[in-house]
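Descriptive analysis of the structure
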Amino acid sequence: MTTTLRAPDPVAPAGPGRARRGLAALAGLLAAAVALGVGELVAGFVGPAASPVIAVGDAVIALVPEPVTAFAIRTFGEDDKTALVAGTLVVVALYALLVGVLGLRDRRLAVLGVVLFGTVGALAALTRPAGAPADVLPSLAGTAAGVLALLALLAPLATAPASAPGTAPAADRPLVGRLRAVLAAGDRNGAGLDRRRFFLTGAAAVGVAAVTGGGGRLLQRSTEVTSLRAGIRLPTPSSPAAALPAGADLSRGIEGLTPLTTRNGEFYRIDTALIAPRIRPADYRLELTGMFDSPRTYTLDDLFERDDVIERDITLTCVSNEVGGALVGSARWIGVPLAALLRENGLRPGSDQLLCRSEDGMTIGAPTRSALEVEDAMLAFGMNGEPLPVIHGFPVRMIIPGLYGYVSACKWLVSIEATTFDAFDAYWIERDWAVDGPIRIASRIDTPDMRREFPAGRRAIAGVAWAQTRGIAKVEVRVDDGDWAEARLSPEVDADLWRQWVLPHDFTPGRHVLTVRATGADGEVQTDERADPFPAGSTGLHSVEVLVG
Ligand SMILES: Nc1nc2c(c(=O)[nH]1)N[C@H]1C(S)=C(S)[C@@H](COP(=O)(O)O)O[C@H]1N2
Ligand SMILES: [Mo]
């Protein structure tokens, strides 16, 4: 009874046809945009981490093998997150094109395709370590909107026969029947192709996607935690950092040289969280568990009100930093001495690992010994006079001078479990990075900039060098195959803080290769042997080639 009574459409060829397939693919793309837009809007209410794109991106981070992560950090550096989101969107777009074309053949396939996509988003959101049931809402709403948009967009491409024999006109049928008719409509011979209606519907879809997506992003950004953070007053440290000696920061007089203290907004950021966890200060709890005699739970006020708050200048470094790289920064941290806190909870002997957990479920395993013995190891809540910025771990993180961030600097820290390395592999260790993470001595040339040609004559070669906990004793620079020449160092502030160095040089025209080498206060000379960041940090000397006009 389903034979069509209409004559074949003279314009549209039998079968899908190229133009029609192209429009169907576009329909898929637009429907995906609507789905993602509505998902973002609902995530504006539920929480940014529940956004389908973010949840799927987070799941990808959790699932990809280490070489891929290392490649991403190496290639994109701090733009790795942008690259991941872009990559996720490209995959979604390709999938959406396919779903659109399949939908032309069979609407049920289209619906199934969108539902499958939504299920992946919902599962990704739900299975995050900090996932809550409400986190499926953005994906659910997005799926519903995506299905409606796709059906509306496919309709003008393959209109069902106006009235097949034995059926009432669509408008008179109950909703279920109408829905079934829409779903059953395929690209039958003779089905009309209504371009005008398609493009009008498409324009509406673009509008909905833009408004919901844009609105969602705005809602996600203006979270209450940002303003609660701004209202916090940090305690005055009972042991403040020493005042910087006069002329301590050489960057005032040398263009291009890294400042002694990195501004919060310019501090590098490396973590696995596509959206930084947002913790309300009043809700914050730090739980101690595992091998303690009398473990306590601390509120933020408990930490603020202590009388042993310290302030120290410490350089933080990422193990992924390449020779000459920018994944290093220095700040004046304020916090509670870690050793004191561990001892007063009755830390038992036998624990060699402090397993730190962050709000988003990330694990970082710090050596218990370093936490106890490294001077100025702390639970930090202040960074350069402000509460920690949200992306740098608000409200509390760990800082242990001399250890790379991946084994010490847990951000959004909510629990410390005293345990052993035998008992548990933290996130990066599972991915085969070294269990021990002492920062290797390093030096970097900041200026002159190798990308810009400059005129012959006298000019400063300058940069920074670091060897946390040991300190830098000497920095030398070599131009081409010349002798090593000793650079002037900025005054030593703290062995945990990098030192700037500068060496004026008379440049002759032509190409020159500049190389830098540091010596630690313990006598260690930086090796010229090249090692990749994986698995224990890069080594090798930083060289730049400059062109002198
Ligand atoms: N919760 C959490 N803490 C984390 C990470 C992370 O992925 N999640 N990354 C670590 C790494 S690898 C480094 S180098 C430092 C970087 O700190 P920053 O982003 O404040 O510079 O944080 C560490 N703490
Ligand atoms: Mo790192």
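The coordinates are above.
In what follows, the accompanying structure is described. (Residues numbered from 1 in each chain as written. Chains lettered and ligands numbered in written order. Predicted model: local features only at pLDDT ≥ 70, side-chain atom pairs only at ≥ 80, totals over all residues. Heavy atoms only, no water.)

Within the protein chain, the secondary structure is distributed over 13 helices and 18 strands. Seen through its principal axes, the protein chain has C-alpha atoms that stretch 95 × 70 × 40 Å. Within the protein chain, the fraction of its 549 residues that count as buried is 51%. The contacts of the protein chain with a sequence gap of at least 6 include a subset with a gap of at least 24, amounting to 77%. Total accessible area on the protein chain stands at roughly 25100 Å², and carbon and sulfur atoms take up 59% of it. When the 52 basic and 60 acidic side-chain charges of the protein chain are each reduced to a single mean position, those positions are 12 Å apart. (Helix = DSSP H or I, 4+ residues; strand = E, 2+ residues; numbered from the N terminus. Buried < 20%, exposed > 50% of the residue type's maximum accessible area, 1.4 Å probe, protein only. Contact = heavy atoms within 4.5 Å. Areas by Shrake-Rupley, 256 points an atom, 1.4 Å probe, with all protein chains shown as cover. Lys, Arg positive; Asp, Glu negative; His and termini not counted. Charge placed at Lys NZ, Arg CZ, Asp CG, Glu CD.)

What follows is about the sheet that holds strand E18 (residues 543-548). Taken together, the four strands give an open sheet; going across it, the order is E14-E13-E17-E18, and neighbouring strands pair in antiparallel fashion. Strands with a single pairing partner mark the edges of an open sheet, and in this sheet they are strand E14 (485-486) and E18. Bridge count between strand E13 (residues 472-479) and strand E17 (residues 510-520): seven bridges; the pairing is antiparallel. Its bridge partner being in E17, Ile 472 is matched across the sheet by Gly 520. (Pairing = 2+ DSSP bridges.)

Here the focus is the pattern of salt bridges. A complete count under the given rule lists 26 salt bridges for this structure. We note a salt bridge from Arg 369 to Glu 373, for which the minimum N-O separation is 3.3 Å. A residue pair is termed a helical-turn pair when its members lie 3 or 4 positions apart in one helix, as Arg 369 and Glu 373 do in helix H12 (residues 368-373) at four residues. An identical accessibility class is assigned to Arg 369 and Glu 373; each is exposed. Note that Glu 476 is salt-bridged to Lys 474, the shortest N-O span being 4.0 Å. Through salt bridges with shared partners, one network takes in Arg 269, Asp 271 and Lys 411. (Salt bridge = Lys/Arg side-chain N within 4 Å of Asp/Glu carboxyl O.)

Between the first and last C-alpha of helix H4 (residues 80-105) there are 38 Å, a value that for 26 residues agrees with the 38 Å anticipated at 1.5 Å per step. Taken together, the buried positions of H4 are Asp 80, Lys 81, Leu 84, Thr 88, Val 92, Ala 96, Val 99, Gly 100, Gly 103 and Leu 104. Packing partners of the buried residues in H4 comprise helix H1 (18-46), helix H2 (52-63), helix H3 (66-76), helix H5 (107-126) and helix H6 (137-154). (Expected span 1.5 Å × (residues − 1).)

Our next topic: the side chain of Thr 88. Of note, Thr 88 is situated in helix H4. On the basis of relative accessible area, Thr 88 is assigned to the buried category, the value being 10%. With residues near it in sequence (within four places) discarded, Thr 88 still touches Val 53, Val 56 and Gly 57.

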